[in-house]
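Read off the chains here:
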Amino acid sequence: MILRPHLDDYRIIGYYLGKITISIGIAMMIPFIIAVAHFEWQGAVDFLFSISFTLLAGALLSIICHTKKDLATMHAMSVAALSWIVAMLVSAVPLYLSGHYGSYLDASFEAMSGYATTGLSLVVDLDHMANSYNFWRHLIMFMGGQGIVVIALTFLVRGTAGAFRMYVGEARDEKIMPNVVETARFIWLVSIVYLVLGSGALSIAGIWGGLPPLKAIFDSVCIFMAAWDTGGFTPQSQNILFYHNFPLEIITISLMLLGSINFALHYAVWTGNRRELYRNIEIVTLFVSIIVTLSITAWGVLRNYVYAQSLSFSSKTFYHLISGHTGTGYSTIYPRQFVNEWGPLAMFGVTLAMAIGGSVCSTTGAIKVFRIGVIYKALRQDIKKMLIPETAILVQKIHHIKDMILEDKYVRISAIILISYVNLYIFGTIAGMLCGYSLSEALFESVSAAANVGLSCGITSPSMPAALKIVYMFQMWAGRLEFIAVMVLLGMIIATFRGKR
Amino acid sequence: MKSIKTLFKTIWNAALGISLELVLVYIFIFAGLAVCFIWWTLLK
């Protein structure tokens, strides 16, 4: 029997949503400062309006729903799921006001793509977008990668048991430190250390490649935020291809790989547990998966005689494979080249890499290598069981931070998430095919959206059907939150109408 | 004195950790490029 939620349940959800809305309003002050510093007065006015509107909405929600009650699982999951919708709606306001989007739906698509660290974009005339709006796109991506809840936990919410449930709702099921607020702060520490190192290296590569120093620094910070959070937005419409800069490509590959590593693994290695780097199931599975999917992609590209030189073949193929596998979406070719030059086999290799993704508790989306590793180990265990005497006991271990016995519960949850993702991929593929695209194109774009990658074969554009935009927005949202929070929210909506008192 | 030693050790461990992570990333990059060159040699 489902019970109808009480008024207090809605108040708890409203109160925490209000806090999260306030934190987004505060974040908007950064592009406002940039607008003022660059004398972009239209941008300054737009951001001032957006800040006022967002802070007012957040404050009203917090005051009206004020409560001292802690979050139960149902509330925490609903807050996690709803906060992404609210964040999308308010963050789209300055983007829409910029005049670079055809409609508010397009601006919302861009905001959801940013928060979900996808990188699919509907922006028009990006190369002439003012710095403040462009920075806001990248900041949205950085916040989404870190986690909207993580931001609220760091600054505005106390570290209660409910706060931890909210953190779990955002698809971060690993508590790195005993206190969830300390965990959130550690995630920020790692990101800021790499922000300094990564932006510095990218700036040097940019200046070396001929960019003016100020432009190099601005672009480097933007590119870092999108690469580290495996997002995929760039300040230029031609993506990374614009720079024609091999060192910059190598640095972005490094950042994409670093961004796809589990924060718990960063913590282990940074605190002296260095052997974890080559023993961890995620690293081993990621390595094997890259080699396999890269081989499929390379074979597909070579069949079509696209590149005349081995270096251009290797750099283009490897770049897009890593970009897809880590869920970033950076590109050094034009979208239609996937269809017209690479062909179906190479597209399938990249699609497979995108579908698998990076590590759990990182900034990547998709099924994740941990779950692939667990399912592979379970399969191996079952085959072994058939080969040994029935009386023998077989214990299968996996290593993730510590040695763990492979229990059914790990296999079960991994299989559930895997099946959910496959369903989401199929859903988007059918939607794409209904809009008239071929199977390989529809599958590529659907996996790219649902796995929060951002590589496009040319479907995503301002002129695509509005229904398909909404489907991709749903895929990005559900894929980023890994379904549980979305399902709980759906359950709560059903309970509101059909639950018993 | 002890807290300074602990702080130094923490920074040292973090710096070593970052260096090893970068080494791991470059192993991935070299392995990936090597796979590409092998396929190029075999199929071209």
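Residues numbered from 1 in each chain as written. Chains lettered and ligands numbered in written order. Predicted model: local features only at pLDDT ≥ 70, side-chain atom pairs only at ≥ 80, totals over all residues.

## Observations concerning the overall build of chain B
Next, step 1: Counting its secondary structure elements, chain B contains 1 helix and 0 strands.
Next, step 2: When each of the 44 residues of chain B is scored for burial, the buried share is 16%. (Helix = DSSP H or I, 4+ residues; strand = E, 2+ residues; numbered from the N terminus. Buried ≥ 20, exposed ≤ 12 C-beta atoms within 10 Å, placed from the backbone.)

## Thoughts on the pairing of strand β1 (residues 397-400) of chain A
Residue and element names in this part refer to chain A.
Next, step 1: Across the two faces of β1 the burial differs, with I398 and H400 buried and K397 and H399 not buried at all.
Next, step 2: When β1 meets strand β2 (residues 402-405), the two strands line up antiparallel, connected through 4 bridges. Following the sheet pairing, K397 is matched in β2 by I405.
Next, step 3: From the end of β1 to the start of β2, which pair antiparallel, there are 1 residue, and I401 there has a positive phi angle of about 70 degrees. (Pairing = 2+ DSSP bridges.)

## Structural notes on the nonpolar core
Next, step 1: Ranked by size, the top nonpolar core spans 155 residues in total, and within it M112, Y115, M225, M354 and A485 of chain A carry the most contacts.
Next, step 2: Excluding residues that lie within four positions of it along the chain, Y115 of chain A makes contacts with W84, A87, M88, I140, G144 and I148 of chain A. (Core = buried A, V, L, I, M, F, W, Y, C linked by C-beta atoms within 7 Å. Contact = placed C-beta atoms within 7 Å.)

## Digging into the confidence of the model for chain B
Next, step 1: Chain-level statistics for chain B give a pLDDT mean of 87 and a share of 95% at 70 or above.
Next, step 2: Across the interface, the model reports ipTM at 0.91; the global pTM reads 0.89. (pLDDT = per-residue confidence, 0-100.)

## Points about the environment of Y10 of chain A
All names here are of chain A.
Next, step 1: Positionally, Y10 belongs in helix α1 (residues 7-27).
Next, step 2: With 15 C-beta atoms packed within 10 Å, Y10 lands in the partly exposed category.
Next, step 3: Sequence separation between Y10 and H75 is 65 residues; the distance between their C-alpha atoms is 8.2 Å.

## Considering unusual backbone geometry
Residue and element names in this part refer to chain A.
Next, step 1: For T117, which is not a glycine, the phi torsion comes out positive at approximately 55 degrees.
Next, step 2: Examined against the element boundaries, T117 turns out to sit in the loop between α5 (104-115) and α6 (131-146).
Next, step 3: Its 32 C-beta neighbours within 10 Å are what place T117 among the buried residues.
Next, step 4: Phi angles above zero are rare outside glycine, and H244 is one such case at about 45 degrees.
Next, step 5: Among the structural elements, H244 can be located in the loop between α10 (213-228) and α11 (246-259).

## Things to note about helix α16 (residues 335-356) of chain A
All names here are of chain A.
Next, step 1: Between its terminal C-alpha atoms α16 stretches only 21 Å, short of the 32 Å expected from 22 residues at 1.5 Å a residue.
Next, step 2: The axis of α16 is deflected most strongly, by about 120 degrees, at W342, and proline P344 appears within four residues downstream.
Next, step 3: Summarising the contacts, the buried residues of α16 are in contact with α14 (281-303), α15 (310-325), α17 (369-387), α18 (408-434) and α19 (439-450).
Next, step 4: Looking one or two residues past α16, G357 carries a phi angle of roughly 80 degrees, positive in sign. (Expected span 1.5 Å × (residues − 1). Bend = angle between axes of the 7 residues up to and from the residue.)

## A few points about the interface of chain B and chain A
Next, step 1: Between chain B and chain A, the contact holds 18 residues from the first and 25 residues from the second.
Next, step 2: Tallied by class, the residues present in the side of chain B that touches chain A amount to 13 nonpolar, 3 polar and 2 charged. (Nonpolar A, V, L, I, M, F, W, Y, C, P; charged D, E, K, R; others polar.)

## Quick word on the packing of α6 of chain A against α10 of chain A
Residues and elements named next belong to chain A.
Next, step 1: Running from N to C, α6 and α10 point in directions that differ by 25 degrees, and their axes come no closer than 8 Å. The orientation of α6 relative to α10 falls into the category roughly parallel. As for how α6 packs across α10, the hand of that crossing is left-handed. Note on element contacts: α10 touches α6 through F218, C222, M225, A226 and W228, opposite N131, N134, F135, H138, L139, M141, F142 and G145.
Next, step 2: For the contact of α6 with α10, a count of residues per class yields 9 nonpolar, 4 polar and no charged. (Axes fitted to C-alpha atoms, helices over the stretch in contact; angles between N-to-C directions. Parallel < 35°, antiparallel > 145°, perpendicular 65-115°, else oblique. Left-handed = near helix turned anticlockwise from the far one by under 90°.)

## Notes on the environment of S78 of chain A
Residues and elements named next belong to chain A.
Next, step 1: One can find S78 in helix α4 (residues 73-97).
Next, step 2: Placed 18 residues apart in sequence, S78 and Y96 show a C-alpha to C-alpha distance of 27 Å.
Next, step 3: Contacts of S78, omitting those with residues within four sequence positions, involve I13, V488, L489 and M492.

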